[in-house]
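This is what each chain is made of:
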Amino acid sequence: MSKIKDTLKRWMPSRRKWIQLYTALLFNANLKGFVTGNIYQGNTKAMCVPGLNCYSCPGAVGACPLGSLQGSFSADRSTLYYVCGILVLYGVLLGRTICGWLCPFGLIQELLHKIKTPKLKKGPVTRVLSVLKYVILVFFVFLVPIMYAFRDTPLPAFCKYICPAGTLEGGISLLANKVNDSYFSMLGPLFTWKFLVLMAIVVGCVFVFRLFCRFICPLGALYGLFNRFSLFGIKLHRDKCTDCGLCLSKCQMDIRQVGDRECIGCGECVPVCPTKAIEWKGPKILVKANEGAATEKAKKSRLITRIIATVAMLAVLVGAVAYYWNQEDARNPNPGTTETERGNQVGDLCFGYDLEIVDGNGGSGKTVDPTATGKITVINFWGTWCTPCVAELPYFDRIATEYADKVTVFAIHSSVSKETAPAYIGKYYPDSPMLFSWDGGEGFSGEYYTALGGRGTYPYTIVLDEKGIVVKVIHSSVTYEDLKAVVEEIL
């Protein structure tokens, strides 16, 4: 019986692993997205989750704080203040405990490390390598995005060139669904590079504990700066410490002392300290305490607290999954028509909607239905935060200028960060023949994009003939030559 008990103890996930799994599910509660191959575009996507979790993951119900931070440099000040404020809030509350308890990619790394192979132990070399993530934070998260922001061309450098979570949770998760077969045509050298980076990190994590977390992750580097002041985490009482080194040998991270900026607050060091000099800052139900035999009353009290907390957490998770599962993927913004009359596939009469015209001053109050122009209509969904969108916008402007009598171009900004559109339009396209709008209005936020078959990726373009019939759907970037060829074919 004791053998069975020991085996179960060894294989059962720890309390921290359960919480890691719970938060991974909670941050990706849109389970239907994995079935439909669509990215959730609802209101909660404006909120940043604490850990590294890709915005483009089909299950993601919130935004990645790191991606949001890079994008905010090219947005208006309110967006920048919001993202910086939420990061500071997470840092002050939790510090790098987020890495140890709430990061889905952290959980993936730890599971990979459980594969039985020879392991690389920490030492002077790994301590030096741990500085690399601070270099990546400064260069890829701050310097490069800010430099491009001055040129008004957003470039989230870390997300674009390095982030393995984006490749795994976003890219591969989307490509794995048959619905997104058309995305394979978008793959190129950049995806190949990102895939190789992901594979190198995945293989490395088998041999090195939390390789990405320790040496590469700029979000962990940022949160680590708050460890000393955070309300949750690990605290060392120097007056009780005898410098026996048991805590340092137990820890698999590159800490120089308990609770420093490399500490992820896992709590593994708490029970091994012989002088009880290490304390967990936070609810004691999370970490195994270093204390003598507890009274029966204390044990009973802790058990009741754990049961209540578990029931509450499960209720929240079940509620979240049910809520997102029941969200509509696409709503018909023109309720006067039926699915048999209108659709978003080639050959369908396109869904119509009265979109508000936007200029450099904001909403004009004037509305136009893109399906009722009487001309060839090009509908392009874009965003100031989307590098490929911004790069290809001049091609749409050129088409709108050269074919002014025969083609109407609608450039519809995403509902995400739509407040950044007027300033951008006023600066770069004040006299453009393109009609600018945004995918949002009273009771209408991002639904036109979804109704026209958008699956969460930008840019996205639909071309209609003079009667409003869909003749071309493009789930990728386009060139001027591509657009011209489509227009000439219709003409």
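Cut-off values and rules
- Residues numbered from 1 in each chain as written.
- Predicted model: local features only at pLDDT ≥ 70, side-chain atom pairs only at ≥ 80, totals over all residues.
- Heavy atoms only, no water.
- Core = buried A, V, L, I, M, F, W, Y, C linked by side-chain atoms within 4.5 Å.
- Buried < 20%, exposed > 50% of the residue type's maximum accessible area, 1.4 Å probe, protein only.
- Contact = heavy atoms within 4.5 Å.
- Patch = residues over 30% accessible without salt bridge, like charges linked within 9 Å, V, L, I, M, F, W, Y side chains within 5 Å.
- Areas by Shrake-Rupley, 256 points an atom, 1.4 Å probe, with all protein chains shown as cover.
- Salt bridge = Lys/Arg side-chain N within 4 Å of Asp/Glu carboxyl O.
- Helix = DSSP H or I, 4+ residues; strand = E, 2+ residues; numbered from the N terminus.
- 1 Å grid on protein atoms, 1.4 Å probe; cavity = no way out; pocket = protein on both sides within 12 Å on 5 of 7 lines; lining within 4 Å.
- Points joined across faces, edges and corners; volume = space filled by probe spheres on them.
- Nonpolar A, V, L, I, M, F, W, Y, C, P; charged D, E, K, R; others polar.
- Expected span 1.5 Å × (residues − 1).
- Arc of directions from axis to C-beta.
- Pairing = 2+ DSSP bridges.
- Polar contact = N/O pair within 3.5 Å; in protein donor to acceptor, adjacent residues only side chain to side chain.

Q: I tried to follow the nonpolar core on my own but got confused; where do I start?
A: Most often, soluble globular proteins keep nonpolar side chains buried together rather than apart. In this structure, L52, F158, F212, I216, I234, V258 and I278 are the most contacted members of the largest nonpolar core, which totals 59 residues. With near-sequence residues (within four places) excluded, F158 lies in contact with L66, Q70, I136, F140, V141, C163, F212, I216 and P218. C350, C386, V409 and Y448 belong to the second-largest nonpolar core, a separate cluster that totals 45 residues.

Q: Looking at this structure, I do not really get a nonpolar patch on the surface. What am I missing?
A: Taken together, the side chains of W18, L21, L25, L31, F34, V35 and W325 make up a nonpolar region of the molecular surface, amounting to roughly 650 Å² of accessible area. Looking at the nonpolar patch, the elements with two or more residues in it are α2 (15-27) and α3 (32-36). With three residues, the single largest contributor to the nonpolar patch is α2. On the secondary structure map, W325 appears in helix α16 (residues 296-325). Given a relative accessible area of 42%, W325 falls into the partly exposed group.

Q: Please explain empty space enclosed by the protein as it appears in this structure.
A: The tally for this structure, following the rule as stated, stands at three cavities of 30 Å³ or more. If you add up the space inside the largest cavity, you get close to 80 Å³. Lining the largest cavity are 16 residues, and of these L52, C99, C103, C213 and C217 lie nearest its centre. Elements that contribute at least two residues to the lining of the largest cavity include exactly α6 (97-101), α7 (104-113), α13 (211-215) and α14 (218-224). Across the lining of the largest cavity, the residue classes tally to 11 nonpolar, four polar and one charged.

Q: Would you mind showing me how to read the environment of E481 here?
A: Tracing the backbone shows E481 in helix α20 (residues 480-490). With relative accessibility at 54%, the residue E481 sits in the exposed group. Separated by 82 residues in the primary sequence, E481 and I399 place their C-alpha atoms 9.8 Å from one another.

Q: Honestly, α2 in this entry has me stumped. Any pointers?
A: Structural remark: α-helix, 3.6 residues per turn; residues separated by three or four positions point the same way. If you check α2, its first and last C-alpha atoms are 18 Å apart, about what 13 residues at 1.5 Å a residue would give, namely 18 Å. Where α2 is concerned, the buried positions are R16, K17, I19, Q20, Y22, T23, A24 and F27.

Q: Explain the environment of I136 here, please?
A: Positionally, I136 belongs in helix α9 (residues 132-150). Under the relative-accessibility criterion, I136 is labelled buried at 8%. A sequence separation of 83 residues divides I136 from L219, and the C-alpha atoms of the two residues are 9.9 Å apart. Filtering out sequence-adjacent residues up to four positions away, I136 remains in contact with V141, F158, I162, F215, I216 and P218.

Q: Just to check I follow, could you spell out helix α5 (residues 77-94) for this structure?
A: In this model, α5 (18 residues) spans 25 Å end to end at C-alpha, consistent with the 26 Å of a helix rising 1.5 Å per residue. Looking only at α5, the buried set comprises T79, V83, I86, L87, Y90, G91 and L94. End-on view of α5: buried residues confined to an arc of 135°, all on one side of the axis. Turned more than 90 degrees from where α5 packs its buried face, R77 and Y81 sit exposed. Buried residues along α5 sit against α4 (65-72), α6 and α14. Just downstream of α5, G95 is the residue with a positive phi angle, here 55°.

Q: How should the pairing of strand β5 (residues 355-359) be read in this particular structure?
A: Within a regular strand, the side chains alternate between the two sheet faces. Two strands pair when backbone bridges link them, and β5 and strand β6 (residues 362-368) are joined in this way by four bridges, in the antiparallel orientation. Across the sheet, the residue bridging to V358 is G363, located in β6. Linkage of β5 to β6, two consecutive antiparallel strands, is achieved through a turn of two residues.

Q: Would you mind showing me how to read the pattern of salt bridges here?
A: It is possible for side chains bearing opposite charge to pair when their charged atoms get close. Under the defined criterion, the tally for this structure stands at eight salt bridges. A salt bridge links E110 to K17; the nearest nitrogen and oxygen atoms lie 2.5 Å apart. You can see E110 sitting in helix α7 and its partner K17 sitting in helix α2, a full 93 residues away along the chain. We classify K17 as buried; its relative accessible area is 15%.

Q: Where do I start with the side chain of N227 in this structure?
A: By the secondary structure assignment, N227 is in the loop between α14 and β1 (233-236). Side-chain polar atoms of N227 contact the backbone nitrogen of R96, separated by 2.7 Å. A distance of 2.9 Å separates a polar atom in the side chain of N227 from the backbone oxygen of C263. The residues touching N227, leaving out its near neighbours within four places in the chain, are G95, R96, T97, G259, D260, R261, C263 and K281.

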